[in-house]
Amino acid sequence: MTRRVRKAVFPVAGLGTRFLPATKVIAKEMLPVVDKPLIQYAVEEAIEAGIEYFIFVTGRGKSVLVEHFDHAPELELLLSERGNEHDLQSLLSSMPEPGRVLSVRQQAPLGLGHAVWCARAIIGDEPFAVLLPDELLMSEPACLKQLIDVHDGVGGNVVAVTEVPDEHTNRYGILDVVSDDGRVAKARGMVEKPDPKDAPSRLANIGRYVLDPSVFSHLDKQLSGAGGEIQLTDAIDATTGAVPFHGVRFNGERFDCGDKAGFIAANVAYALKRPDLADRVREAVGHLFK
Ligand code: G1P
């Protein structure tokens, strides 16, 4: 019987240099897709997956992310006086319960593994999730829920994967696959950003993880890997064997919002899903493609 996944880590200390000047004074995770910041999509995905504790690994200038999940009393009062229930509910609906948003500072940008390691004391000895908010995953049910459902059966480390073209393996953590039933792949390890010629497969991790707490014993060593950074991929790789490792093919649509084209595509796709916007957006942009 696997333990329930109650805690999720959101690594949000990155500087967002790819979106300058927009991210000069605002956190990249606050960039909106339609009218909701990226971080809120990730938190809502975690809520849908049953997560109870939301741990932000932040850095300088990122306190606004924690602020976003607190009450805004003046705004709430104003909306309720005006009888604007719709907007009021949009502020209140994804707010975690009091005491369930926590934050730790990463202090130095030493890599994703280091960011996750900074949350070790809050995680303790239980399985936990990691969500990279740059990756916006549109699916039903939510991607993290799909992972947790698989984790309930197999335990260990479980990550979301998608198949990428050969020439893109050097952008992702790539799984070393033992067997694959078309949805769930059992893996013997994972390599961070291998050259296509060295890549053990084309199954790439897309920023959603359910991890066994034993990854911390590897992260404790603070070893640097690809790009001179402390890599989460290396900790998962080192733990495999002692605990099982599976990749779950993500069933849905993925937008890489760390990339300008992906971010713009996400805005269009999410707007087209909105009954209040779809027709107007189609009309407004349609002729640009002719
Ligand atoms: C990180 C991880 C990588 C993963 C990717 C998904 O890389 O290190 O394993 O495949 O996220 O987006 P980054 O894109 O932060 O360099």
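The notes below deal with the structure included here. Everything numeric in this text was worked out from a predicted model, so none of it was measured. (Residues numbered from 1 in each chain as written. Predicted model: local features only at pLDDT ≥ 70, side-chain atom pairs only at ≥ 80, totals over all residues. Heavy atoms only, no water.)

## Examining the site of the ligand
Here is step 1: All residues in the neighbourhood of the ligand are listed as Leu112, Leu132, Glu135, Tyr172, Gly173, Glu192, Lys193, Asn205, Gly207, Tyr209, Gln231 and Thr233.
Here is step 2: Interatomic distance of 2.9 Å between a backbone N/O atom of Gly173 and an oxygen atom of the ligand.
Here is step 3: Within the backbone of Asn205, one N or O atom sits 2.7 Å away from an oxygen atom of the ligand.
Here is step 4: Tallying contributions element by element places strand S11 (residues 203-211) first for the shell around the ligand, with three residues.
Here is step 5: Residue composition of the shell around the ligand, by class: four nonpolar, five polar and three charged. (Near = heavy atom within 4 Å. Polar contact = N/O pair within 3.5 Å; in protein donor to acceptor, adjacent residues only side chain to side chain. Helix = DSSP H or I, 4+ residues; strand = E, 2+ residues; numbered from the N terminus. Nonpolar A, V, L, I, M, F, W, Y, C, P; charged D, E, K, R; others polar.)

## What to know about the packing of helix H3 (residues 73-81) against helix H4 (residues 85-92)
Here is step 1: The interhelical angle for the contact between H3 and H4, taken along N-to-C directions, is 150 degrees, at an axis separation of 8 Å. In terms of orientation, H3 and H4 fall into the roughly antiparallel class. Seen from above, H3 lies across H4 with left-handed handedness. Residues Leu75, Glu76, Leu79 and Ser80 of H3 form the contact with H4, whose participating residues are Asp87, Leu88, Leu91 and Leu92.
Here is step 2: Its residues assigned to classes, the contact of H3 with H4 shows five nonpolar, one polar and two charged. (Axes fitted to C-alpha atoms, helices over the stretch in contact; angles between N-to-C directions. Parallel < 35°, antiparallel > 145°, perpendicular 65-115°, else oblique. Left-handed = near helix turned anticlockwise from the far one by under 90°. Contact = heavy atoms within 4.5 Å.)

## Brief notes about the environment of Gly182
Here is step 1: Mapped onto the secondary structure, Gly182 falls in the loop between strand S9 (173-180) and strand S10 (184-192).
Here is step 2: Sequence-wise, Gly182 and Ala235 are 53 residues apart; in three dimensions their C-alpha atoms are separated by 25 Å.

## Focus: the nonpolar core
Here is step 1: With 31 residues, the main nonpolar core has Phe10, Ile39, Ile51, Phe56 and Leu144 as its most contacted residues.
Here is step 2: Sorting the residues of this core by element identifies strand S1 (7-11), helix H1 (38-48), strand S4 (53-58), strand S6 (128-131), helix H7 (143-154), strand S8 (157-163) and S11 as the ones contributing at least two each.
Here is step 3: Considering each element in turn, this core owes the most residues, five residues, to H7.
Here is step 4: Among all residues touching Phe56, those that are not within four sequence positions of it are Phe10, Val12, Ile39, Val43, Leu65, Val66, Phe69, Val101, Leu102, Ser103 and Val104.
Here is step 5: Val57, Cys118, Leu219 and Leu232 belong to the second-largest nonpolar core, a separate cluster that totals 29 residues. (Core = buried A, V, L, I, M, F, W, Y, C linked by side-chain atoms within 4.5 Å. Buried < 20%, exposed > 50% of the residue type's maximum accessible area, 1.4 Å probe, protein only.)

## Some points on the pattern of salt bridges
Here is step 1: Inspection of the entire model under this criterion finds 21 salt bridges.
Here is step 2: A salt bridge links Lys62 to Glu29; its shortest N-O distance comes to 2.8 Å. You can see Lys62 sitting in the loop between S4 and helix H2 (63-67) and its partner Glu29 sitting in the loop between S1 and strand S2 (32-33), a full 33 residues away along the chain. Exposure class is identical for Lys62 and Glu29. Each is buried.
Here is step 3: When the shortest N-O distance is used, the salt bridge between Arg274 and Asp35 registers 3.1 Å. With Arg274 in the loop between helix H10 (260-272) and helix H11 (278-286) and Asp35 in the loop between S2 and strand S3 (36-37), this residue pair connects regions lying 239 residues apart in the sequence.
Here is step 4: Among the residues examined, Arg274 registers a relative accessible area of 26% and is labelled partly exposed.
Here is step 5: For Asp35, a relative accessible area of 51% corresponds to the exposed category.
Here is step 6: Three or more residues are tied together by salt bridges with common partners; here these are Glu163, Asp166, Asp180, Arg202 and Arg249. (Salt bridge = Lys/Arg side-chain N within 4 Å of Asp/Glu carboxyl O.)

## Details of the side chain of Asn157
Here is step 1: Note that Asn157 resides in strand S8.
Here is step 2: For Asn157, the side chain forms a polar contact with the main-chain nitrogen of Asp212, separated by 2.7 Å.
Here is step 3: Aside from chain neighbours lying at most four places away, what touches Asn157 is Val210, Leu211, Asp212, Val215, Ile236, Thr239, Val243, Pro244, Phe245 and His246.

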